[in-house]
Amino acid sequence: MTSPSASPLTVLGLETSCDETAASVVRLGAGGRSQVLSSVVASQIAQHAPFGGVVPEVAARAHVELIEPVAREALQQASLSLSQIDGVAATAGPGLIGAVMVGLSFGKGLALAAGKPLVAVNHLEGHAVSARLEADLPYPFLLLLVSGGHCQLLAMAGVGQLTRLGSTMDDAAGEAFDKIAKSLGLPYPGGPALERLAEGGDWERFPLPRALVGQRGCNFSFSGLKTAAARLAEGLTAEADRRDLAAAVQAAIARQLADRSEHAMQLYAAQHPPQHRRFVVAGGVAANRAVRARLEGGAVANGFSFAAPALKYCTDNAAMIALAGAERLAVGLVDGLDAVARPRWPLDEAAALANPVHVPGRKGAKA
Ligand code: KG4
Ligand code: ZN
């Protein structure tokens with residue numbers, strides 16, 4: 001879908017849903033092509049690492065300290081003042097409620113002070129549009145959203161129009177990476193550390209459960225894999241053994257993601273003409289090279305084009321929030337200053353109510 005707005009829209013995006021304080025300025029051209037004028041991400045990883053995970057109160061306090069300088073830096077890098085932007089987009093959920101409230105309240109303040117419209121953005125919609133940043137990726141597309149708190153297959157027809165095809169029945173893929181990494185003694189965040197450990201490992205040495213692979217439907221399950229991997233990890237001390245297990249875990253996660261996605265492609269292809277058959281992966285786990293490669297192979301084999309965000313836009317950032325906000329602004333979707341922060345906010349609310357399959361173990365810590 002292209003922007004019906006006649007002139008470009010420049011939006012300041014703010015992201016504070018978990019452990020990254022981020023701000024970005026994105027310009028959405030009249031043709032629907034976006035340009036990232038700045039993208040500043042202040043990671044709090046060092047503050048949370050001693051605890052082995054994100055501590056909500058620590059995150060909220062850090063956002064309070066960082067959001068103003070980070071937003072100022074984003075405007076400065078874009079060489080723009082607040083008066084020169086067309087709107088403020090802030091993540092309004094899902095995420096850690098205290099953390100979300102910091103960015104949303106700050107965004108409301110800026111919007112009010114500058115007399116600009118506010119767009120309250122669903123963080124997941126941000127991930128959903130992230131592959132459209134500086135890329136020519138039109139709607140509609142089939143989307144695999146794989147982050148620390150979510151693992152879903154969705155059909156995205158246009159701005160804010162998402163239909164869920166499947167979801168995880170237990171852990172999210174990123175959560176599985178993080179928990180298994182922890183049982184291998186790797187530091188937080190586990191996904192990237194596990195990917196590094198897996199390099200050169202023999203992925204065929206340890207047999208792991210093939211949950212749901214080859215079965216009907218588009219749902220996911222990672223709990224069996226998590227338990228099996230944790231059991232195998234016990235007592236493994238040699239670096240070569242740990243490397244082989246990491247490689248096996250990564251391959252098993254990639255295999256399940258690809259298998260479920262290929263089922264979704266077949267369902268999607270039955271309803272969409274060949275020129276609309278586009279497959280997109282987004283979210284932190286999309287940064288994993290083995291996952292990306294496996295998904296790309298599956299897409300090509302099923303007659304789908306393949307797209308993924310640039311690596312810096314896979315994990316949490318504010319450019320994706322600014323773009324989601326700009327796309328909403330372009331079609332007149334704005335929010336009032338009474339917009340609320342939401343710890344939970346499914347993308348496809350109707351499907352989530354009718355069939356609440358996703359009961360995540362880590363409630364709202366990572367969205
Ligand atoms: O999208 P994101 O930054 O935050 C959420 O919204 O959840 O995703 C973070 C998740 C974490 O679970 C992290 O371990 C995982 O993405 N992740 C990775 C990689 N980079 C980040 N998992 C596997 N391999 C990676 N290279
Ligand atoms: Zn995220």
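Secondary structure summary: the protein chain contains 11 helices and 10 strands in total. Counting only C-alpha atoms, the protein chain reaches 60 × 50 × 35 Å along its principal axes. With 367 residues in all, the protein chain has 57% of them scored as buried. Considering only intrachain contacts with a sequence separation of at least 6, the fraction spanning at least 24 residues in the protein chain is 75%. Here the protein chain displays about 14,400 Å² of accessible surface, and carbon together with sulfur accounts for 54% of that area. Charged side chains in the protein chain number 32 positive and 32 negative. The centres of these two groups are separated by 3 Å.

The next thing to look at is the coordination of the zinc ion (ligand 2). Here the zinc ion (ligand 2) is held by His123 (NE2), His127 (NE2) and Asp316 (OD), and the distances to it run 2.0 to 2.1 Å. With 4 donor atoms in place around the zinc ion (ligand 2) and angles of 96 to 132° between them, the coordination shape is tetrahedral. Of note, the donors binding the zinc ion (ligand 2) are all from one chain and are spaced H-x3-H-x188-D. Pair noted here: histidine 123 and histidine 127 are both in helix H4 (residues 123-129), with a separation of 4 residues, about one helical turn. A single burial state applies to histidine 123 and to histidine 127, both of which are buried.

The next point concerns the sheet that holds strand E8 (residues 161-167). Sheets are built from strands that pair by backbone hydrogen bonding, the pairs being arranged parallel or antiparallel. Spatially, E8-E7-E6-E9-E10 is the arrangement adopted by the 5 strands of the open sheet, whose pairing is mixed. Across the chains shown, the open sheet's two edge strands, defined by having one partner strand only, are E8 and strand E10 (305-307). When the angles between neighbouring strand axes are averaged without regard to direction, this sheet yields 25°. Two strands pair when backbone bridges link them, and strand E7 (residues 151-158) and E8 are joined in this way by 6 bridges, in the antiparallel orientation.

Okay, the sheet that holds strand E5 (residues 118-122) next. Across the sheet, which stays open at both edges, the 5 strands sit in the order E3-E2-E1-E4-E5 with mixed pairing between neighbours. In the strand order of this sheet, the two ends are held by strand E3 (34-43) and E5, each with one partner. When strand polarity is set aside, the average angle formed by the axes of neighbouring strands in this sheet is 20°. Relative to E5, strand E4 (residues 87-93) is paired through 5 bridges, and the arrangement is parallel. Across the sheet, the residue bridging to threonine 91 is valine 121, located in E5. The sheet strands contacting helix H3 (residues 97-114) are strand E1 (9-15), E4 and E5, and the helix crosses E4 at an angle near 160°.

Closest axis-to-axis distance for the helix H2 (residues 56-77)/H3 pair is 9 Å, and the angle between their directions is 25°. The angle between H2 and H3 places the two elements in the roughly parallel class. The interaxial crossing formed by H2 with H3 has right-handed handedness. The segment H2 lies against H3, with Ala60, His63, Val64, Ile67, Glu68 and Ala71 engaging Gly98, Ala99, Val102 and Phe106.

Mean pLDDT over the protein chain works out to 93, with 95% of the residues at or above the 70 mark. Segment residues 359-367: pLDDT under 50, and 29 contacts once partners within four positions in sequence are set aside and those in other chains are kept.

Considering all chains together, one arrives at 4 aromatic pairs under this definition. The interplanar angle of 15° and the centroid separation of 6.4 Å between the aromatic rings of phenylalanine 220 and phenylalanine 222 together place this pair among those described as stacked. Look at tyrosine 268 and phenylalanine 304: their rings are 5.9 Å apart centre to centre, the planes differ by 55°, and that puts the pair in the tilted class. Of this pair, tyrosine 268 sits in helix H8 (residues 239-271) while phenylalanine 304 sits in the loop between helix H9 (289-301) and E10; the two residues are 36 residues apart in sequence, bridging distant segments of the chain. By relative accessible area, which is 3% here, tyrosine 268 ends up buried. One Lys or Arg, arginine 132, reaches over the ring of tyrosine 139 and ends 4.1 Å from the middle of that ring.

So, on to the domain arrangement of the protein chain. Along its sequence, the protein chain is organised into domain 1 (9-134 + 313-354) and domain 2 (141-309). A straight line from the C-alpha centre of domain 1 to that of domain 2 covers 26 Å. Between domain 1 and domain 2, the contact holds 27 residues from the first and 25 residues from the second. Roughly 1,900 Å² is buried in total at the junction of domain 1 and domain 2, and carbon and sulfur atoms are behind 73% of that figure. On the domain 1 side of the contact with domain 2, Ala128, Cys314 and Leu347 bury the most area, a combined 27% of that side's loss. Seen at the junction of domain 1 and domain 2, the total is 0 salt bridges. Taken together, domain 1 and domain 2 are joined by 4 residue pairs in polar contact (both at pLDDT 80 or more). At the level of elements, helix H1 (45-48), H4, helix H10 (319-330) and helix H11 (349-354) are the ones that each hand at least two residues to the side of domain 1 that touches domain 2. Residues of the side of domain 1 that touches domain 2, tallied by class, amount to 15 nonpolar, 6 polar and 6 charged.

Calculation rules
- Residues numbered from 1 in each chain as written.
- Chains lettered and ligands numbered in written order.
- Predicted model: local features only at pLDDT ≥ 70, side-chain atom pairs only at ≥ 80, totals over all residues.
- Heavy atoms only, no water.
- Helix = DSSP H or I, 4+ residues; strand = E, 2+ residues; numbered from the N terminus.
- Buried < 20%, exposed > 50% of the residue type's maximum accessible area, 1.4 Å probe, protein only.
- Contact = heavy atoms within 4.5 Å.
- Areas by Shrake-Rupley, 256 points an atom, 1.4 Å probe, with all protein chains shown as cover.
- Lys, Arg positive; Asp, Glu negative; His and termini not counted.
- Charge placed at Lys NZ, Arg CZ, Asp CG, Glu CD.
- Donors = N, O, S within 2.8 Å, 3.2 Å for Na, K, Ca; no water.
- Tetrahedral: all angles 85-135°; square planar, octahedral: opposite > 155°, others 65-115°.
- Pairing = 2+ DSSP bridges.
- Axes fitted to C-alpha atoms, helices over the stretch in contact; angles between N-to-C directions.
- Parallel < 35°, antiparallel > 145°, perpendicular 65-115°, else oblique.
- Left-handed = near helix turned anticlockwise from the far one by under 90°.
- pLDDT = per-residue confidence, 0-100.
- Phe/Tyr/Trp six-rings, centres within 6.5 Å; stacked < 30°, edge-to-face > 60°.
- Lys NZ or Arg CZ within 6 Å of the ring centre and 35° of its normal.
- Domains from an automatic or database assignment.
- Buried area = accessible area lost by both parts, 1.4 Å probe.
- Salt bridge = Lys/Arg side-chain N within 4 Å of Asp/Glu carboxyl O.
- Polar contact = N/O pair within 3.5 Å; in protein donor to acceptor, adjacent residues only side chain to side chain.
- Nonpolar A, V, L, I, M, F, W, Y, C, P; charged D, E, K, R; others polar.

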